[in-house]
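# Coordinate analysis (summary)
Residues per chain are reported as follows:
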Amino acid sequence: MLRKASVLALLALSANVSAGYDTHPRFAEFAKEVNEEYQIPEAEVRQWLAQAEKMQSVLDAIARPAEKTMTWASYQDIFLTEKRIAGGHEFMETYADILAEAEKKYGVPKEIITAIIGVETFYGTRQGSYRVLDSLATLAFDYPQRPIFWRELKALFALAEEEQVDPGTVKGSYAGAMGYGQFIPTSYLAYAVDGDGDGKRDLWNNPTDAIHSVANYFSKHGWKTGEPVTQRVTVTGEDWKELANKSRSPDWTVAQLTQAGVGLSTPVSPEKPATLVHLEGKQGDEYWLGEYNFYVITRYNHSRLYAMAVYQLSESFK
């Protein structure tokens, strides 16, 4: 397969003279895998990694993820503010035609697409200040507890070749997520789309590509058009405790959940798959029926808090 033109010329403009990861003991192993999987020669990998810097702040951040200590109440204070809701309404007005086009093509509600971008980057205004090359190199080589970052660094190089971007200038989160929707490199390669037909998939600067890509991600992960996401429920007895928050995926039927003491606020077919979500809210415990589309949101981010924030933010746009 023919590769696009090398980006080495671009790299020369942003090369950093400090020692990089090209001298790491695992460099040869990494370069070999990149060549085998993406046909990128060792010389290019070496030049990329020569300019990558170890970021202690990245290692500190990954070791203490803020979400692990957060409750639903504290999550609401961040993601369900009047300012974020107002920003969503403005985003939907500005890109109304593009959102409508994406909703029609992929079957994903414009409110959900907007809410994802709103939670991830405040509608594209907070895409991250870390150089992704540094973040992913640091995590790939110096945080072996999570081998996913080894994979993502390889994918970053493939993305740089495919989209003709300089990885030395790309900015994102400390974990290597990029653009309006904070796609990690493997997701970028697999789900990013050229929404406006200009021949590029630019999730950093092109809201059309970003909107279509988020919608495509949800479509590819099984979003059920027209189906609900969740509803508030009640619980009685003790049996429900064995089911609450046990799985993100809808591993039980609604009938099984109701038999365990879950009371619905809106009728649902007993055969439908669902899960029980238990959250600590501002007024105490909350219980929610997570249907399949709730699970699809957690495919974007595995947190139940995240999925609920996206859902409730999307509801505020209606």
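Structural data are supplied above this passage.
The structure presented is a predicted model; accordingly, all values stated were derived computationally and were not measured.

### Brief notes about the packing of helix α7 (residues 96-106) against helix α12 (residues 207-220)
- Here α7 crosses α12 at 25°, and the two axes come no closer than 9 Å. Relative to α12, the element α7 is oriented roughly parallel. The interaxial crossing formed by α7 with α12 has right-handed handedness. Listed contacts from α12 to Ile98, Leu99, Glu101, Ala102, Lys105 and Tyr106 of α7 are Thr208, Ile211, His212, Ala215, Asn216 and Ser219.
- In terms of residue class, the contact of α7 with α12 is built from 6 nonpolar, 4 polar and 2 charged.

### A look at the sheet that holds strand β4 (residues 252-253)
- One open sheet holds the 5 strands; their spatial order is β4-β6-β7-β3-β5, and the pairing between them is antiparallel. Two strands lie at the open edges of the sheet, namely β4 and β5 (262-264), each paired on one side alone.
- Pairing between β4 and strand β6 (residues 273-281): 2 bridges, direction antiparallel. Following the sheet pairing, Thr253 is matched in β6 by Pro273.
- Sitting on the sheet, helix α5 (residues 72-79) touches β6 and β7 (284-290), and the angle it makes with β6 is about 85°.

### Some details on the pattern of salt bridges
- Under the counting rule described, the total for this entry stands at 16 salt bridges.
- Here Arg46 makes a salt bridge to Glu42, at a shortest N to O gap of 2.9 Å. Here Arg46 and its partner Glu42 are both found in helix α3 (residues 42-50), 4 residues apart, which amounts to about one turn of the helix.
- Here Glu291 makes a salt bridge to Lys272, at a shortest N to O gap of 2.7 Å.

Cut-offs used in this document
- Residues numbered from 1 in each chain as written.
- Predicted model: local features only at pLDDT ≥ 70, side-chain atom pairs only at ≥ 80, totals over all residues.
- Heavy atoms only, no water.
- Axes fitted to C-alpha atoms, helices over the stretch in contact; angles between N-to-C directions.
- Helix = DSSP H or I, 4+ residues; strand = E, 2+ residues; numbered from the N terminus.
- Parallel < 35°, antiparallel > 145°, perpendicular 65-115°, else oblique.
- Left-handed = near helix turned anticlockwise from the far one by under 90°.
- Contact = heavy atoms within 4.5 Å.
- Nonpolar A, V, L, I, M, F, W, Y, C, P; charged D, E, K, R; others polar.
- Pairing = 2+ DSSP bridges.
- Salt bridge = Lys/Arg side-chain N within 4 Å of Asp/Glu carboxyl O.

It is worth stressing that arrangement in space is one thing and function is another; only the former is reported here.
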